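A closer look at the structure
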Amino acid sequence: MNRQIFLIICSSLLLSASAEFIAIPYGSCGEGFEDLSCTIESVTVQECDIIEKKFCELIRGESYQMNMTFIPQFEGSDLSLKAYAIINGKELPFEEMNSKACDYMECPIKKGVQQDYVFNVNVDMLKPRGKFNVRWLMKQGNENRCCFTNKFKIA
Ligand SMILES: *[C@@H]1O[C@H](CO)[C@@H](O)[C@H](O)[C@H]1NC(C)=O
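Described in the following lines is the structure provided in the data block. Bear in mind the structure is a predicted one, so any value in this text is a computation, not a measurement.

Considering the sheet that holds strand β4 (residues 55-58)
- In space, the six strands of this open sheet follow the order β3-β4-β10-β9-β6-β7, with mixed pairing throughout. Strands at the two margins of the open sheet, each flanked by one partner only, are β3 (49-51) and β7 (90-93). The average angle at which neighbouring strand axes cross in this sheet is 40°, direction not considered.
- As paired elements, β3 and β4 share three bridges and run antiparallel to each other. Counterpart to isoleucine 50 in the pairing with β4 is cysteine 56.

Notes on the site of the ligand
- Phe21, Ser42, Asn67, Thr69, Asp116 and Val118 make up every residue found near the ligand.
- Between the ligand and asparagine 67 there is a distance of 2.4 Å, counted from an oxygen atom to a side-chain nitrogen or oxygen.
- Between the ligand and threonine 69 there is a distance of 3.2 Å, counted from an oxygen atom to a side-chain nitrogen or oxygen.
- Every element with two or more residues in the shell around the ligand is listed here: β5 (63-72) and β8 (115-122).
- Partitioning the shell around the ligand into residue classes produces two nonpolar, three polar and one charged.

What about the sheet that holds strand β2 (residues 38-46)?
- In spatial order, the strands read β1-β2-β5-β8; together these four strands make up an open sheet with antiparallel pairing. What marks the edges here is a single partner per strand, and that holds for β1 (21-23) and β8. Shown here is a sheet whose adjacent strand axes are inclined to one another by a mean of 30°, direction ignored.
- Where β2 lies against β5, seven bridges are found, and the strand directions are antiparallel. Considered in β5, the bridge of serine 42 is made with threonine 69.

Re the pairing of β7
- For strand β6 (residues 79-87) and β7, the ladder comprises four bridges, and the chain directions are antiparallel. Bridge assignment links isoleucine 87 to a residue of β7, and that residue is lysine 90.
- Between β6 and the antiparallel strand that follows it, β7, lie two residues; asparagine 88 among them carries a positive phi value of about 50°.

A closer look at the environment of tyrosine 64
- Here tyrosine 64 is to be found in strand β5.
- You can call tyrosine 64 buried: its relative accessible area is 8%.
- Separated by 17 residues in sequence, tyrosine 64 and glutamate 47 place their C-alpha atoms 7.5 Å apart.
- Ignoring sequence-local partners within four residues, the contact set of tyrosine 64 consists of Val45, Gln46, Glu47, Leu58, Ile59, Phe119, Asn120, Val121 and Val123.
- Separated by 2.8 Å, the side chain of tyrosine 64 and the backbone nitrogen of isoleucine 59 make a polar contact.

Each value, and the rule that gives it
- Residues numbered from 1 in each chain as written.
- Predicted model: local features only at pLDDT ≥ 70, side-chain atom pairs only at ≥ 80, totals over all residues.
- Heavy atoms only, no water.
- Pairing = 2+ DSSP bridges.
- Helix = DSSP H or I, 4+ residues; strand = E, 2+ residues; numbered from the N terminus.
- Axes fitted to C-alpha atoms, helices over the stretch in contact; angles between N-to-C directions.
- Near = heavy atom within 4 Å.
- Polar contact = N/O pair within 3.5 Å; in protein donor to acceptor, adjacent residues only side chain to side chain.
- Nonpolar A, V, L, I, M, F, W, Y, C, P; charged D, E, K, R; others polar.
- Buried < 20%, exposed > 50% of the residue type's maximum accessible area, 1.4 Å probe, protein only.
- Contact = heavy atoms within 4.5 Å.

Following this line, the structure appears as structure tokens:
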């Protein structure tokens, strides 16, 4: 076998063995979050099963890597990212999540430069079972800057 072809086969086997990042459906945060300065390019979750093209199913007790790719129209180093489950109209923050965004990106982030924000979602943080929306909100200081929502099903 040609050495190059052999290398290509080996590397594709390695890729399929490592857990894949799956693009998940997401939307904007709606009312109260219109005035943001950020474009979300993609959101992927490692080994997420997408059900009915609508939501990502996660298993309790597992941990998943999530990758939010965005282009900020702002700069800064005072960044936080917090997540809230929205259940019966109430916001339940993911209290155990490390919200210090600069732990996961090189700060200060620069205007117009794409950022990959890769962090762990520990499904113990999402205590209730069932389907619900989650809001992901990044702030620079006290200003809302990036936001998206998605739906998870916790099994
Ligand atoms: C995160 O997503 C971006 C855009 O799809 C990609 O370029 C980057 O390699 C991803 N990072 C990881 C760790 O998967």
